[in-house]
Amino acid sequence: MKSLNRREGKMADKTKSAPQENAGRHSKYAFVIAACCFFMMFVNVGIVSTSFNVYQPYIVEQVGDAGGSLVITFRLLVSAISMVLIVNYYHLLDLRVGITLSMVFAAIGMFLFGFMQSLPGYMFASIFIGIAYGLGGNVAMTYAINRWFANDIASVVGVAATGSGVAGILMPPIITYAAETISLSWAFWIEAIISLFFAVISFLLLRNRPSDLGLKAYHITDKADRRRAKGLPERKSIHQYTIPEDVQLSKRAQFALAASAFCVGVFCTSAVFYITIQMTSSGFDPVFVGGMISLGGLCLTFAKVVTGRMFDHIGVRKGTTILYMIEIVGLIAALLIPTGNPLFAAISILCMYWGGSINSVGLPVWGISLSHPENRSKLIKNLQVCFTTGGLVFNFIPGFLVPIFGGYEISYVLFLIMTVISMVVITTLFKKYLHAPGLFSKRHDEVHA
């Protein structure tokens, strides 16, 4: 543990402004880095996770409900292990090689899936996409954006995270068309080619830190900057909060935060994975289901941008509560899908995908707002590990509950309970700890970790 902390300390040192970096100039190349984060999220989250739901009915048809659950569970297990090692991974390879290699793992995994038709084969292929998700998801994105941007971190994270949502829009129709008209194998291989293409582009464009180009982290001009330039007094927003510098999360609060992230993993991972089976088993056509998943991806893309701006403007506490309420509406609608009403299917998809930004935008922002620079990387990583563990622990359960209860409704009741528990816990923590102004308004050298 001490060795890991030392490595995290070194990583934090790398992200802080070095003397030569302070002497550099601001550059919009930071937006190129944000674009690379977008590509990474498209591949390592969008292809590997968000749009992968479309494959689930085909996989279940070959290996059964329990087998389908095991494939996803095994991927989540590999992802959780990878996340535990992520600080060491990026300390060894740094961002450029580390992010590129994670996308190569995704390409290898999807390529292997195209050759597999058995449970052991699918589980073997899941190792590679699990590594891709674990080493190249939200944590890597947060590391990169924290290095290259001096302010408006939540907004940039929200925009970069839309990569997974765009994949959720574009890939399901392509997957469904390829699987129905050519073969399931070619559906996987098409995604493997796309993943490899983005890996090459990212390697060519990525740089580890601004100082590599003699630059400083980019400062986005906002209204406060314009007011200062005009000599007007600065207006401090009462809606933005961060943990006071002299306050640390208690052990009990840390456990509660981990429990809340665990619950987020349950409903953001498993509930979305099984919604396609819930719909097809209720009589909906696979083409309609694929179209609905694309609609969900569009919603998720929009939601991530809005969520980032919402956190920056009304604060993480109120913004998080709004996301939870949207997620709850989606889960209630999912319980009504067996009625056969397409309206419930649409509401379920839209609200659950919108609520999914609790993971892609919410968890990184929680980690930044509830931590200090010296332990920020560790908390962000731990939240993602807890999130993945939640999906891992619960993900195999729905497939085993189907023979007992005859459907997935009981699972969605459990998802709903987990969502309410998580909302109560995290909003209580925010109310207790977040009461100092200035979330994401601190100096760049104070927020980078």
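Every value quoted in this text rests on a predicted model; they were computed, and no experiment measured them. (Residues numbered from 1 in each chain as written. Predicted model: local features only at pLDDT ≥ 70, side-chain atom pairs only at ≥ 80, totals over all residues. Heavy atoms only, no water.)

## Here's the deal with the overall build of the protein chain
Part 1 of the reasoning: When helices and strands are tallied, the protein chain shows 21 helices and four strands.
Part 2 of the reasoning: By residue count, 59% of the 449 residues in the protein chain fall in the buried class.
Part 3 of the reasoning: Within the protein chain, residue pairs in contact and separated by at least 24 positions form 85% of the contacts whose partners lie at least 6 positions apart.
Part 4 of the reasoning: Carbon and sulfur atoms make up 68% of the accessible area of the protein chain, which amounts to about 17300 Å² in all. (Helix = DSSP H or I, 4+ residues; strand = E, 2+ residues; numbered from the N terminus. Buried < 20%, exposed > 50% of the residue type's maximum accessible area, 1.4 Å probe, protein only. Contact = heavy atoms within 4.5 Å. Areas by Shrake-Rupley, 256 points an atom, 1.4 Å probe, with all protein chains shown as cover.)

## Section: the packing of aromatic side chains
Part 1 of the reasoning: Enumeration according to the criterion identifies 25 aromatic pairs in this entry.
Part 2 of the reasoning: Here the aromatic rings of Y90 and Y143 are separated by 6.2 Å at their centres, their planes lie at 85 degrees, and the arrangement is edge-to-face. Here the residue Y90 occupies a position in helix α5 (residues 86-113), and Y143 occupies one in helix α7 (residues 138-148), the gap between them amounting to 53 residues.
Part 3 of the reasoning: What makes Y143 buried here is its relative accessible area of 2%.
Part 4 of the reasoning: With 5.3 Å between their ring centres and 80 degrees between their planes, W186 and W189 make a pair best called edge-to-face. Separated by three residues within a single helix, W186 and W189 lie in helix α10 (residues 184-205), roughly one turn from each other.
Part 5 of the reasoning: Residue W186 is classed as partly exposed on the basis of its relative accessible area of 42%.
Part 6 of the reasoning: A residue is classified by how much of its surface remains accessible, and W189, at 19% relative accessible area, is buried.
Part 7 of the reasoning: Cluster of aromatic residues (ring-pair linked, three or more members): F38, F39, F42, F197 and F198. (Phe/Tyr/Trp six-rings, centres within 6.5 Å; stacked < 30°, edge-to-face > 60°.)

## Looking at empty space enclosed by the protein
Part 1 of the reasoning: Across all of its chains, the model carries three cavities of 30 Å³ or more by this definition.
Part 2 of the reasoning: The wall of the largest cavity is formed by 19 residues, among which S49, T50, C268, L300 and N359 lie closest to the centre.
Part 3 of the reasoning: Elements with a minimum of two residues in the lining of the largest cavity: α3 (29-50), α12 (251-273), α14 (286-314), α16 (342-355) and α17 (357-369).
Part 4 of the reasoning: Per-element tally for the lining of the largest cavity: the top contributor is α12, with four residues.
Part 5 of the reasoning: Class assignment of the residues belonging to the lining of the largest cavity gives a composition of nine nonpolar, eight polar and two charged.
Part 6 of the reasoning: Sorting the residues of the lining of the second largest cavity by element identifies α4 (56-84), α13 (275-280) and α14 as the ones contributing at least two each.
Part 7 of the reasoning: No other element matches the three residues that α14 contributes to the lining of the second largest cavity.
Part 8 of the reasoning: Each residue belonging to the lining of the second largest cavity can be placed in one class, and the counts come to five nonpolar, four polar and no charged. (1 Å grid on protein atoms, 1.4 Å probe; cavity = no way out; pocket = protein on both sides within 12 Å on 5 of 7 lines; lining within 4 Å. Points joined across faces, edges and corners; volume = space filled by probe spheres on them. Nonpolar A, V, L, I, M, F, W, Y, C, P; charged D, E, K, R; others polar.)

## So, a nonpolar patch on the surface
Part 1 of the reasoning: Side chains of V97, L101, L196, V200, F203, L204 and L205 sit close together on the surface and give an oily, nonpolar patch of about 550 Å² of accessible area.
Part 2 of the reasoning: It is α10 that contributes the most residues to the nonpolar patch, five residues altogether.
Part 3 of the reasoning: On the secondary structure map, L101 appears in helix α5.
Part 4 of the reasoning: L101 gets classed as partly exposed once you look at its relative accessible area, which sits at 32%. (Patch = residues over 30% accessible without salt bridge, like charges linked within 9 Å, V, L, I, M, F, W, Y side chains within 5 Å. Salt bridge = Lys/Arg side-chain N within 4 Å of Asp/Glu carboxyl O.)

## Focus: the packing of α12 against helix α18 (residues 376-395)
Part 1 of the reasoning: Direction vectors running N to C along α12 and α18 enclose 50 degrees, while the axes themselves pass 7 Å from each other. The angle between the axes of α12 and α18 places the two elements in the oblique class. Like other packed secondary-structure pairs, α12 and α18 cross with a definite hand, here right-handed. Each of L257, A258, A261, F262, V264, G265, V266, C268, T269, S270 and F273 in α12 lies in contact with α18, whose residues at this interface are L379, L383, C386, F387, T389, G390, G391, V393, F394 and N395.
Part 2 of the reasoning: Its residues placed into classes, the contact of α12 with α18 shows 14 nonpolar, seven polar and no charged. (Axes fitted to C-alpha atoms, helices over the stretch in contact; angles between N-to-C directions. Parallel < 35°, antiparallel > 145°, perpendicular 65-115°, else oblique. Left-handed = near helix turned anticlockwise from the far one by under 90°.)

## Overview of the confidence of the model for the protein chain
Part 1 of the reasoning: Across the protein chain, the average pLDDT comes to 79, with 83% of residues at 70 or higher.
Part 2 of the reasoning: Within the protein chain, no element has a lower average pLDDT than helix α21 (residues 444-447), which sits at 37, and none a higher one than α10, at 93.
Part 3 of the reasoning: With pLDDT under 50 throughout, residues 1-23 is counted as low confidence; its partners more than four residues away or in other chains account for 37 contacts.
Part 4 of the reasoning: Counting interchain partners and residues more than four positions distant, the pLDDT-below-50 stretch residues 436-449 has 53 contacts. (pLDDT = per-residue confidence, 0-100.)

## Examining the side chain of T162
Part 1 of the reasoning: Residue position: T162 is located in helix α9 (residues 162-181).
Part 2 of the reasoning: Accessibility expressed as a relative area gives 6% for T162, which makes it buried.
Part 3 of the reasoning: At a separation of 2.4 Å, a polar atom in the side chain of T162 contacts the main-chain carbonyl oxygen of V159.
Part 4 of the reasoning: Leave out the neighbours within four places in its chain, and T162 touches F38, T301, K304 and V305. (Polar contact = N/O pair within 3.5 Å; in protein donor to acceptor, adjacent residues only side chain to side chain.)

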